[in-house]
Amino acid sequence: MNTPGYVPGHGLLKDRTAVVTAAAGAGIGGATARRLLEEGARIVIGDAHARRLKETEEALAAEFGADRVTSLPCDVTDEDQVQALFARAEQTHGRLDIVVNNAGLGGTAALADMTDEQWSRVLDVTLNGTFRCTRAALRSFRASGGGGVIVNNASVIGWRAQTGQAHYAAAKAGVMALTRCAALEAAEFGVRVNAVAPSLAMHPHLVKVTSEELLAELTAREAFGRYAEPWEVANVIVFLASAYSSYMTGETVSVSSQHA
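Residues numbered from 1 in each chain as written. Predicted model: local features only at pLDDT ≥ 70, side-chain atom pairs only at ≥ 80, totals over all residues. Heavy atoms only, no water.

Moving on to the overall build of the chain. Along the chain, the regular secondary structure elements total 8 helices and 7 strands. C-alpha extents for the chain along the principal axes are approximately 50 × 40 × 40 Å. Within the chain, the fraction of its 260 residues that count as buried is 50%. Contacts in the chain between residues at least 24 apart in sequence constitute 75% of all its contacts with a sequence separation of at least 6. In the form shown here, the chain has an accessible surface area of approximately 12100 Å², with 53% of it arising from carbon and sulfur atoms. Across the chain, the centroid of the 23 positively charged side chains sits 5 Å from that of the 28 negatively charged ones. (Helix = DSSP H or I, 4+ residues; strand = E, 2+ residues; numbered from the N terminus. Buried < 20%, exposed > 50% of the residue type's maximum accessible area, 1.4 Å probe, protein only. Contact = heavy atoms within 4.5 Å. Areas by Shrake-Rupley, 256 points an atom, 1.4 Å probe, with all protein chains shown as cover. Lys, Arg positive; Asp, Glu negative; His and termini not counted. Charge placed at Lys NZ, Arg CZ, Asp CG, Glu CD.)

This is the structure in structure tokens:
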């Protein structure tokens, strides 16, 4: 099945300020940054890869205006860098409205052969990083008293078993649980916390490093017989960040066409 046409922006997030982690490159983070801009938001983007982050900032600033795009290198395993990213958003735009926690790390290893370092690294980036950024966001939102929205990037693997993915599955299941608990605590000061759970989202660089056999196996599980484009996941993130989802909190929305 062919990929549907790209949906134009409708100003859903006009004049909002958003922080997006792991936003450099062609994946979900980069697609989300672009979609937020197309919907009228100002963005502060972070990524552990400083060169790619700067290139992303320059490209988006040339298209949408330098006053709407700011970047700061951020490794979400480093609390000081997380604090600096959120401080930059407040200093540059005076407030914070939306946080998209996109940073995550995968890998494949059989559990019996997995090292402590492999386990800990995936958990530290994917789950602990989401915790650090969620904590920073909640502190900012609570201090401002103006509400806010957090959208976390989980995965269907947090629900479904897959060999070689015990560390990643545990981390993503943790992100879902963190989302639910954070939502209950944040409701009292008008903040919503939700998550997306993609099944198979690919971009050209990822396709190049994936074997044809594995890609065929993965896409065969999808009802449409194809992988999602990163912007298709970003569309759902925009929905959760917008007023269209005003009564939703603590939810994980599956962005998937898997039938098995």
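Moving on, we come to the nonpolar core. Grouped together as the largest cluster of nonpolar side chains are 29 residues, with contacts concentrated most on Leu36, Ile43 and Val196. Broken down by element, the residue count for this core peaks at 6 residues, all from helix H8 (residues 230–241). Sequence-distant contacts of isoleucine 43, that is, excluding residues within four places in its chain, are made with Ala18, Ala33, Leu36, Leu37, Leu60, Arg68, Val69, Thr70 and His93. Residues Cys74, Val76, Val99 and Ala183 belong to the second largest nonpolar core, which totals 24 residues. (Core = buried A, V, L, I, M, F, W, Y, C linked by side-chain atoms within 4.5 Å.)

Next up on the list: the environment of glutamate 188. When you line up the elements, glutamate 188 lands in the loop between helix H5 (166–186) and strand S6 (191–198). A residue is classified by how much of its surface remains accessible, and glutamate 188, at 73% relative accessible area, is exposed. Sequence separation between glutamate 188 and alanine 216 is 28 residues, and the spatial gap between their C-alpha atoms is 46 Å.

The next thing to look at is the pattern of salt bridges. Under the defined criterion, the tally for this structure stands at 8 salt bridges. Note that arginine 34 and glutamate 63 form a salt bridge whose closest N and O atoms lie 2.8 Å from each other. Placement of the pair is arginine 34 in helix H1 (residues 28–38) and glutamate 63 in helix H2 (residues 50–64), with a sequence separation of 29 residues. Notably, a salt bridge pairs glutamate 38 with arginine 35, separated by 3.0 Å at the nearest N-O pair. With a gap of 3 residues between them, glutamate 38 and arginine 35 both fall in helix H1, about one helical turn apart. Where salt bridges share partners, they join Arg34, Arg35, Glu38 and Glu63 into one cluster. (Salt bridge = Lys/Arg side-chain N within 4 Å of Asp/Glu carboxyl O.)

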